[in-house]
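# Inside the fold
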Amino acid sequence: MSHKVLMLPGDHIGPDIVAEADRLLHCLADDFGLRVELEYAHLGGCAVDAEGQPFPESTRALAQASDAMLLGAVGGPEWDAIERDKRPERGLLAIREALGLFANLRPAMLFPALAEASSLRADVVAGLDILIVRELTGGIYFGQPRGIRTRDDGLREGFNTLVYNTDEIERIGHAAFAAASRRQGQLCSVDKANVLESSELWREVMTDLSAQYPQVELSHLYVDNAAMQLVRSPKQFDVMVTGNLFGDILSDCAAMLTGSIGMLPSAALDANGRGLYEPVHGSAPDISGQDRANPLATLLSVAMMLRHSLAEGALADRVERAVEAVLAQGWRTADLAAVGDTPVGTRAMGDAVIAALRAQAD
Ligand code: IPM
Ligand code: MG
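The sections below set out a description of the structure shown in this document. (Residues numbered from 1 in each chain as written. Chains lettered and ligands numbered in written order. Predicted model: local features only at pLDDT ≥ 70, side-chain atom pairs only at ≥ 80, totals over all residues. Heavy atoms only, no water.)

## Some remarks on the sheet that holds strand β3 (residues 68-73)
Two pairing modes exist for strands in a sheet, parallel and antiparallel, and in both the strands are linked by backbone hydrogen bonds. Spatially, β2-β1-β3-β12-β11-β4-β5-β10-β8-β9 is the arrangement adopted by the ten strands of the open sheet, whose pairing is mixed. The open sheet has two edge strands, β2 (36-40) and β9 (217-222), and neither has a second partner. Direction aside, the axes of adjacent strands within the sheet are offset by 25 degrees on average. For strand β1 (residues 3-10) and β3, the ladder comprises five bridges, and the chain directions are parallel. Bridge pairing in β3 links methionine 7 to leucine 70. Sitting on the sheet, helix α3 (residues 57-64) is in contact with β1, β2 and β3, with an inclination near 145 degrees to β1. (Pairing = 2+ DSSP bridges. Helix = DSSP H or I, 4+ residues; strand = E, 2+ residues; numbered from the N terminus. Axes fitted to C-alpha atoms, helices over the stretch in contact; angles between N-to-C directions. Contact = heavy atoms within 4.5 Å.)

## Concerning the environment of alanine 355
Relative to the helices and strands, alanine 355 resides in helix α12 (residues 346-358). A sequence separation of 29 residues divides alanine 355 from valine 326, and the C-alpha atoms of the two residues are 9.0 Å apart.

## Comments concerning a negative patch on the surface
A cluster of acidic residues, Asp167, Glu170, Glu197, Glu200, Glu204 and Asp208, forms a negative patch on the protein surface. If you list the elements that add at least two residues to the negative patch, you get α6 (166-182) and α7 (197-209). The biggest single contributor to the negative patch is α7, with four residues. Mapped onto the secondary structure, glutamate 197 falls in helix α7. (Patch = residues over 30% accessible without salt bridge, like charges linked within 9 Å, V, L, I, M, F, W, Y side chains within 5 Å. Areas by Shrake-Rupley, 256 points an atom, 1.4 Å probe, with all protein chains shown as cover. Salt bridge = Lys/Arg side-chain N within 4 Å of Asp/Glu carboxyl O. Lys, Arg positive; Asp, Glu negative; His and termini not counted. Charge placed at Lys NZ, Arg CZ, Asp CG, Glu CD.)

## Let's talk about the nonpolar core
Counting residues in hydrophobic clusters, the biggest one holds 86 residues, and the most contacted among them are Leu28, Leu187, Met263, Leu296 and Leu306. For this core, the element with the most residues is helix α10 (residues 296-308), which contributes eight residues. Every residue in contact with methionine 263, bar those within four places of it in the chain, is listed here: Phe111, Leu114, Asn294, Leu296, Ala297, Leu300, Leu327 and Leu336. In terms of nonpolar packing, the next biggest core, distinct from the first, is built from 16 residues, Phe55, Ala63, Leu92 and Ile95 among them. (Core = buried A, V, L, I, M, F, W, Y, C linked by side-chain atoms within 4.5 Å. Buried < 20%, exposed > 50% of the residue type's maximum accessible area, 1.4 Å probe, protein only.)

## Digging into the site of ligand 1
Neighbouring ligand 1 are the residues Glu89, Arg96, Arg106, Arg134, Tyr141 and Asp248. The separation between an oxygen atom of ligand 1 and a polar side-chain atom of arginine 106 is 2.8 Å. Arginine 134 is positioned with one of its side-chain polar atoms (N or O) 2.8 Å from an oxygen atom of ligand 1. Coverage of ligand 1 by the protein chains reaches 77% of its 320 Å² of free accessible surface. Class assignment of the residues belonging to the shell around ligand 1 gives a composition of one nonpolar, no polar and five charged. (Near = heavy atom within 4 Å. Polar contact = N/O pair within 3.5 Å; in protein donor to acceptor, adjacent residues only side chain to side chain. Nonpolar A, V, L, I, M, F, W, Y, C, P; charged D, E, K, R; others polar.)

Spatial relationships are all this shows, so hold off on functional conclusions.
Printed below as a string of structure tokens:
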């Protein structure tokens, strides 16, 4: 049986980096026996331009028929002024919601060859390997009511609702405890329970769940302290679990510890293993179409897809080893280059990974 993968290049550097993922998947098919069929669809600004909506019906139908999706990035200044419901980011939120992709896995891992590229001292980050599990379809991103209104006294106010129910907390909790059981057995739940009722319930549910996972040690941190600890001594963390907004912020922070946000993959999973895979970085309009973007986060997202949605763990390991090998060989895109390095472009980096894959012994 062939896996169906929907490719969603999106905007700006999205098509540049997804082209490398396409070549990698074809290499895996031709040389390593992966059975895969690729389809393409619009999401984000390109979908607004082509079909009038950031998440068109045609994309929804293809997404629902796929086993997994690979997204480049969405957004750009040309769509900033359009009405709120048509912004590219809304397309991303809509696909997450429509497909029930509630479990967002954001690993922040430091490749040994990049220890010097971090803004923190090499000894603080060497060996870093954190997994942030972010709740992705609830919380303040989706809570109702929301909007901008004019009060009786004429003042305008913007408002959003932060709400979590026990089902939502439990299902992301199970995903996080399960991930921690497969890793070092440490789970840190991040909330703001000293101020927010939604966090009070979050903490209570996580604590109750921990009884089902005796092999996992659960701790709790307030989000402000968690942000501080992430830059003070990040290696204390194994798995972190948190809500939608806190996870958005903390995952960018964790990403930077690894030297470049251009390195980090992510997965957004539903309850049945279907997933949307995407690099954590954005669409980088300033370098789009110039063969300058780092494709490694996208190629590592392909590895996550192979592991979590396509049951091809051995191929996932191969892709990750190939990325590690090219970094050890000294290949650097501009975002990773140190003084004295000659950076390579997107395509050359993609070539290097494919060559490293083919050179693997077994
Ligand atoms: C992310 C992004 C999105 C989010 C935006 C683009 C809607 O920042 O995936 O982290 O906030 O979830
Ligand atoms: Mg973000």
